[in-house]
Amino acid sequence: MLFPLTPQTNRFITTQYSRTKFLTEQGIEKIIKGLDKDKWIDVGGYQSKEVGISEEVKSADRICQAQFLKNDVLPLFEISQALRQANDEYWKLELNHINLITDNISVVKYNTGGLLNWHMDICATLSTRKISFTIQLSDPKDYEGGDLQFFEGDKTKINPALREKGLLIVFPSYSWHRVLPITKGTRYALVGWVHGPTFK
């Protein structure tokens, strides 16, 4: 007869996100200068009209613009080290790469009226996303609204600390999150994902 041992638990697995001041003003300026004013792409959400019907229609769940970043303006080594440290401390997910070909790091621009409703970054076609991250590139004085929120049921609230310029926010890609509508100004944020073996 075998008596099973109690498996070691990860008591931080439900931690929603970690945050740390990451980019300096000079680092942010380098990223902003690497953007091309003519390469912004309108990013709109899509949803099926009815369950089981493949036809899709535009949705107002995502209103923003984005563009991929040139790798030479990104502190990739420093980003990867910070992401691994956050993962090792909290979630201990199996990670192996940032996909710079088909799921590249990009900058998202939210103008007045821009938003991103509740969603997860992992889905059937992106099932290998494990960790998501965003870096705040805008001064919080440059825009109103546009707060990043993580779903906590009736405890969901706005956390002003998440607006700090240069802040790196790391979270599991299965976390529900959103960006509230921008009511004034423009918000820029860098976004990216770390991949690993698919959840199973």
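Rules and cut-offs
- Residues numbered from 1 in each chain as written.
- Predicted model: local features only at pLDDT ≥ 70, side-chain atom pairs only at ≥ 80, totals over all residues.
- Heavy atoms only, no water.
- Salt bridge = Lys/Arg side-chain N within 4 Å of Asp/Glu carboxyl O.
- Helix = DSSP H or I, 4+ residues; strand = E, 2+ residues; numbered from the N terminus.
- Buried < 20%, exposed > 50% of the residue type's maximum accessible area, 1.4 Å probe, protein only.
- Phe/Tyr/Trp six-rings, centres within 6.5 Å; stacked < 30°, edge-to-face > 60°.
- Lys NZ or Arg CZ within 6 Å of the ring centre and 35° of its normal.

**Describing the pattern of salt bridges**
Evaluated as defined, the whole model comprises 6 salt bridges. The partner of lysine 33 in a salt bridge is glutamate 29, and the shortest N-O contact between them spans 3.1 Å. Taken together, the positions of lysine 33 and glutamate 29, both in helix α1 (residues 25–33) and 4 residues apart, correspond to about one turn of that helix. The exposed category is assigned to lysine 33, whose relative accessible area is 64%. Glutamate 29 gets classed as partly exposed once you look at its relative accessible area, which sits at 43%.

**Digging into unusual backbone geometry**
In this structure, lysine 92 takes a positive phi of about 55 degrees despite not being glycine. Here lysine 92 shows up in the loop between α2 (76–89) and β4 (106–110).

**Things to note about the packing of aromatic side chains**
Enumeration over the complete set of coordinates arrives at 7 aromatic pairs. Relative to phenylalanine 150, the ring of tyrosine 17 has its centre 4.7 Å away and its plane inclined at 20 degrees; by these criteria the two rings are stacked. Taken together, the positions of tyrosine 17 in the segment before β1 (18–21) and phenylalanine 150 in strand β8 (residues 148–150) put the pair 133 residues apart, joining distant regions of the chain. Relative to tyrosine 188, the ring of tryptophan 40 has its centre 6.1 Å away and its plane inclined at 50 degrees; by these criteria the two rings are tilted. Note that tryptophan 40 is positioned in the loop between α1 and β2 (41–48) and tyrosine 188 in strand β12 (residues 187–195), a separation of 148 residues in sequence. The exposure class of tryptophan 40 is buried, given its relative accessible area of 17%. For tyrosine 188, a relative accessible area of 26% translates into the label partly exposed. Connected via pairs of aromatic rings, a cluster forms that spans Phe12, Tyr90 and Trp91. Across from the ring centre of phenylalanine 199, 4.8 Å away, lies the NZ or CZ of lysine 130, which sits over that ring.

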